[in-house]
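Chain by chain, the residues:
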Amino acid sequence: MIFKKPLKRYNSIDHKDINAAISVMKSGALSPFIGAWPEISGIGSFYGGKNVQLFEKNIRKFYGTKYAVSVNSWTSGLITAVGAIDTEPGDEIITSPWTMCATVTSIIHWAAIPVFADIEDETFNLDIKDILKKITNKTRAIIIPEIFGHPFDIIALKKILNKRKNKRKIFLIADNAQTPLGKFNYRYSCNFYDIGGFSYNYHKHIQTGEGGMLVTNNKKFAERMQLIRNHGEAVVGPKKIKKINNIIGYNFRMGEIEAAIGNSQLKKLKKIVKSRVKIANYLTKNLSSLKGLSTPSVKSGFNHDYYIYSLKYDESKTGVPREKIIKKMNSLGAPVSPGYVNVHLYPMFQKKIAYGKKNFPWSISEESKKISYKKGICPVAEKLHEKVLIKIPLCNYQFKKHDQYKMVKCFFKTWNYFKIS
Ligand SMILES: *Cc1c(COP(=O)(O)O)cnc(C)c1O
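Parameters at a glance
- The residue count restarts for each chain, going from 1 along the sequence in the order it is written.
- Whole-chain, interface and lining totals are the exception, using all residues; otherwise, since this is a predicted model, local features are given only for residues with pLDDT of at least 70 and side-chain atom pairs are given and counted only at 80 or more.
- As a rule here, side-chain values come from all non-hydrogen atoms in the structure, and water together with hydrogens is ignored.
- In this description, a nonpolar core means a group of buried Ala, Val, Leu, Ile, Met, Phe, Trp, Tyr and Cys residues linked to one another through side-chain atoms lying within 4.5 Å.
- Note on exposure labels: buried denotes an accessible area under 20% of the residue type's maximum, exposed denotes more than 50%, and partly exposed covers the range between, all computed with a 1.4 Å probe on protein chains only.
- Only heavy atoms enter the contact rule, under which two residues are in contact if any of them lie within 4.5 Å.
- Like-charged residues are merged into a patch within 9 Å and nonpolar side chains (Val, Leu, Ile, Met, Phe, Trp, Tyr) within 5 Å, provided each residue has over 30% relative accessible area and no salt bridge.
- Accessibility throughout is a Shrake-Rupley quantity obtained with a 1.4 Å probe, and a residue counts as covered only by protein chains that appear here.
- Any Lys or Arg side-chain nitrogen located within 4 Å of an Asp or Glu carboxyl oxygen qualifies as a salt bridge.
- Secondary structure elements follow DSSP: runs of H or I no shorter than four residues count as helices, runs of E no shorter than two count as strands, and numbering proceeds from the N terminus.
- Proximity criterion: a residue is near a molecule or strand once any of its heavy atoms comes within 4 Å of it.
- Any pair of N or O atoms that falls within 3.5 Å is considered a polar contact. Within protein, one atom must be able to donate a hydrogen and the other to accept it, and sequence-neighbouring residues count only if both atoms are side-chain atoms.
- Here the nonpolar group is Ala, Val, Leu, Ile, Met, Phe, Trp, Tyr, Cys and Pro; Asp, Glu, Lys and Arg are the charged ones; every other residue, Gly included, is treated as polar.
- Pairing between two strands requires that DSSP report at least two bridges joining them.
- Angles here are taken between N-to-C directions and fall from 0 to 180 degrees, while the axes themselves are lines fitted to C-alpha atoms, restricted in helices to the stretch in contact.
- Charge convention: Lys and Arg are scored as positive, Asp and Glu as negative, and His as well as the terminal groups of each chain are ignored.
- Relative orientations are named as follows: roughly parallel for angles under 35 degrees, roughly antiparallel for angles over 145 degrees, roughly perpendicular for angles from 65 to 115 degrees, and oblique for any other angle.
- What makes a crossing left-handed is the near helix being turned counterclockwise from the far one by less than a right angle; a clockwise turn instead makes it right-handed.
- For Phe, Tyr and Trp, rings pair up if their centres lie within 6.5 Å, where Trp contributes its six-membered ring, and each pair is then called stacked (planes under 30 degrees apart), edge-to-face (over 60) or tilted (otherwise).
- To locate a charge, take atom NZ for lysine, CZ for arginine, CG for aspartate or CD for glutamate.

A.B. asks: Quick question: what am I supposed to make of the nonpolar core here?
C.D. replies: Side chains that are nonpolar tend, in soluble globular proteins, to be buried together. If you look at the biggest cluster of nonpolar residues, it comprises 44 residues, and the most contacted ones within it are Trp 98, Ile 131, Ile 142, Ile 144, Phe 152 and Leu 157. Not counting chain neighbours up to four residues away, the residues in contact with Leu 157 comprise Ile 128, Ile 131, Leu 132, Ile 142, Ile 144, Phe 152 and Leu 172.

Given below as structure tokens:
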């Protein structure tokens, strides 16, 4: 054993966050949201309580977006975003198999059809060439998870999409859950999408326990998202809103305690990401000499938030299967794990069973019946998952200097053990 005790969990909560939560408790106003219009003075607001509204204002300032709409999780945020862009049942929405499943089920929630494009093996983000192959006249949107912390090359994709003339508009939604500071050319990447957004669950860079935030520069989307978040069907009449498609209200509202914690956490975000980057750089410097192992790449013009530190392992160069390496590393106490996910292979997609037992929403049209989720549709994602990726969850552990040193030691000890040189 090199790690004699389990690594300490990363904890971003300090006394300032605790005091912020306590002051909400003392006020008694834990969530002054009301699903009604107009506001009822002294009772509540359609736009939520003062901490919620302040959190949204702080997010707008931080990212430079015109609008921010808080939600009770980023899963709720994704569902809200897909509803806001006028998704019709049976529309196709392209996304990645390498993401948390909520990215994909948000599409199903509106009876739309997920279409998986493959990923590229440098950053593990969607492969633009494969996205283009998957576009049809039914494509309504592309949901792009910026995975592990590396932003997607959205400008390159937009340049190509902008050349399509007289075609149906394709909306671009970013899943920035793992890239809270994702930047492209000095601007936060969420600004380059129609809608972007963040997760504040316990496992992310900053947290509010559960929580999420939608950001957009489009006023209409912002308003539709506020309606979907908060029982919109009861509000569209009195608010005189004509466009009522997809305004099927939920209660996706963020509470005041979470918002107060969020305001306090946001102040630490840059420092936290910086600390992860420093650890990643140390690992990269020390692991890059190991045969058969490639450290994460950062494309020029981009940054990396290192939600996950991703290594690529090449068995053909070492003669040792990845699983044996992982087993040895784990026996030394190192928290490394193999692969990520292949969402397209989940039972929901293999069996095409979501709403009821009769294949809805795939049963909606001849085209959607033919959409394939067979193994082999995303060969790069499948191979990386099955044979190549080794990941270190940088965001979940503290990784003090001595832990970083031990991590490197585990790798060298494992390579020595298998006589790889
Ligand atoms: C965490 C995560 C989500 C879901 O966020 P929740 O706030 O837990 O609902 C979605 N997509 C990605 C890529 C994530 O990492």
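A.B. asks: Is there a simple way to explain a nonpolar patch on the surface in this structure?
C.D. replies: A surface patch of nonpolar side chains, about 220 Å² in accessible area, is lined by Ile 13, Ile 18 and Ile 22. Here Ile 13 is to be found in the segment before helix 1 (15-27).

A.B. asks: What should I look at first to understand the site of the ligand in this one?
C.D. replies: In the neighbourhood of the ligand, 13 residues make up the surrounding shell, with Thr 75, Asp 175, Ser 199, Asn 201 and Lys 204 lying closest. Separating an oxygen atom of the ligand from a side-chain N or O atom of Ser 199 is a distance of 2.8 Å. Within the side chain of Asn 201, an N or O atom sits 2.8 Å from an oxygen atom of the ligand. Protein contacts shield 93% of the accessible area of the ligand, which totals 380 Å² for the unbound molecule. Residue composition of the shell around the ligand, grouped by class: 3 nonpolar, 8 polar and 2 charged.

A.B. asks: Where do I start with the pattern of salt bridges in this structure?
C.D. replies: A side chain of one charge can pair with a side chain of the opposite charge if their charged atoms are brought near each other. Across all of its chains, the model carries 14 salt bridges by this definition. A salt bridge links Lys 243 to Asp 86, with the nearest nitrogen and oxygen atoms 2.7 Å apart. Of this pair, Lys 243 sits in the loop between helix 7 (219-229) and helix 8 (256-266) while Asp 86 is found in the loop between helix 3 (74-84) and strand 2 (92-95), placing the two residues 157 residues apart along the sequence. On the basis of relative accessible area, Lys 243 is assigned to the partly exposed category, the value being 37%. We classify Asp 86 as partly exposed; its relative accessible area is 23%. For Asp 130, the salt bridge is made with Lys 134, and the minimal N-O distance between the two is 3.1 Å. Placement of both Asp 130 and Lys 134 in helix 5 (residues 128-134) is noted, with a separation of 4 residues, approximately one turn of the helix. Each of the salt bridges in this network shares a partner with another, and the network as a whole consists of Asp 14, Asp 17 and Lys 268.

A.B. asks: Help me understand the sheet that holds strand 12 (residues 337-338), please; the structure alone is not making it clear to me.
C.D. replies: In a beta sheet, neighbouring strands are held together by backbone hydrogen bonds and run either parallel or antiparallel to one another. Strand order in the open sheet made by the 4 strands is 10-11-13-12, with antiparallel pairing throughout. Single-partner strands in this sheet number two, and they are strand 10 (293-294) and strand 12. Of the pairings in the sheet, the one linking strand 11 (residues 309-313) to strand 13 (residues 389-392) comprises 4 bridges and is antiparallel in character. Residue Ser 310 lies in a different strand from strand 13, and its bridge partner there is Lys 391. Set on the sheet, helix 14 (residues 379-388) makes contact with strand 11 and strand 13; between it and strand 11 the angle comes to about 85 degrees.

A.B. asks: What am I meant to see in the pairing of strand 11 here?
C.D. replies: Taken residue by residue, a regular strand's side chains alternate between the two faces of the sheet. Most of strand 11 sits out of view: 4 of its 5 residues are buried. In this sheet, strand 11 lies alongside strand 10 in antiparallel orientation, the contact comprising 2 bridges. Within strand 11, the position partnered with Ser 294 by the bridge is Lys 312.

A.B. asks: Explanation requested: the side chain of Lys 352 in the structure shown.
C.D. replies: Position of Lys 352 relative to the elements: it lies in the loop between helix 12 (347-351) and helix 13 (366-370). No salt bridge is formed by the buried Lys 352; the nearest opposite charge belongs to Glu 92, separated by 10 Å. Here Ile 371 takes part through its backbone oxygen, which lies 2.6 Å from a polar atom of the side chain of Lys 352. In this structure Lys 352 touches Pro 347, Asn 359, Trp 362, Ser 368, Lys 369, Lys 370, Ile 371 and Tyr 373, once residues within four positions along its chain are discounted.

A.B. asks: Please explain the packing of helix 2 (residues 50-63) against helix 8 as it appears in this structure.
C.D. replies: Pairs of packed helices are described in terms of their axes, by the angle between the two and the distance that separates them. Helix 8 packs onto helix 2 with a crossing angle of 30 degrees between their chain directions and a minimal axis gap of 8 Å. Relative to helix 8, helix 2 is oriented roughly parallel. Where helix 2 crosses over helix 8, the two elements pack in a sense that is left-handed. Here Lys 50, Asn 51, Val 52, Leu 54, Phe 55, Asn 58, Ile 59 and Phe 62 of helix 2 come into contact with helix 8, specifically with Glu 256, Ala 259, Ala 260, Gly 262, Asn 263 and Leu 266. Among the residues forming the contact of helix 2 with helix 8, the class breakdown is 8 nonpolar, 4 polar and 2 charged.

A.B. asks: Quick question: what am I supposed to make of the packing of aromatic side chains here?
C.D. replies: The way to describe two aromatic rings as a pair is by their centre distance and the angle between their planes. Summed over the entire model, instances satisfying the criterion amount to 28 aromatic pairs. Centre to centre, the rings of Tyr 63 and Phe 198 are 4.5 Å apart; their planes meet at 15 degrees, and the pair counts as stacked. Taken together, the residues Tyr 63 in helix 2 and Phe 198 in strand 8 (residues 195-199) connect sequence positions 135 residues apart. The buried category is assigned to Tyr 63, whose relative accessible area is 4%. Between Tyr 417 and Phe 418, the ring centres sit 4.9 Å apart and the planes meet at 85 degrees, which makes this aromatic pair edge-to-face.

A.B. asks: Help me understand a positive patch on the surface, please; the structure alone is not making it clear to me.
C.D. replies: Residues Lys 274, Lys 278, Lys 285 and Lys 401 make up a contiguous surface patch of positive charge. In terms of residues, the positive patch owes the most to one element, helix 9 (residues 269-287), which gives 3 residues. Position of Lys 274 among the secondary structure elements: in helix 9.

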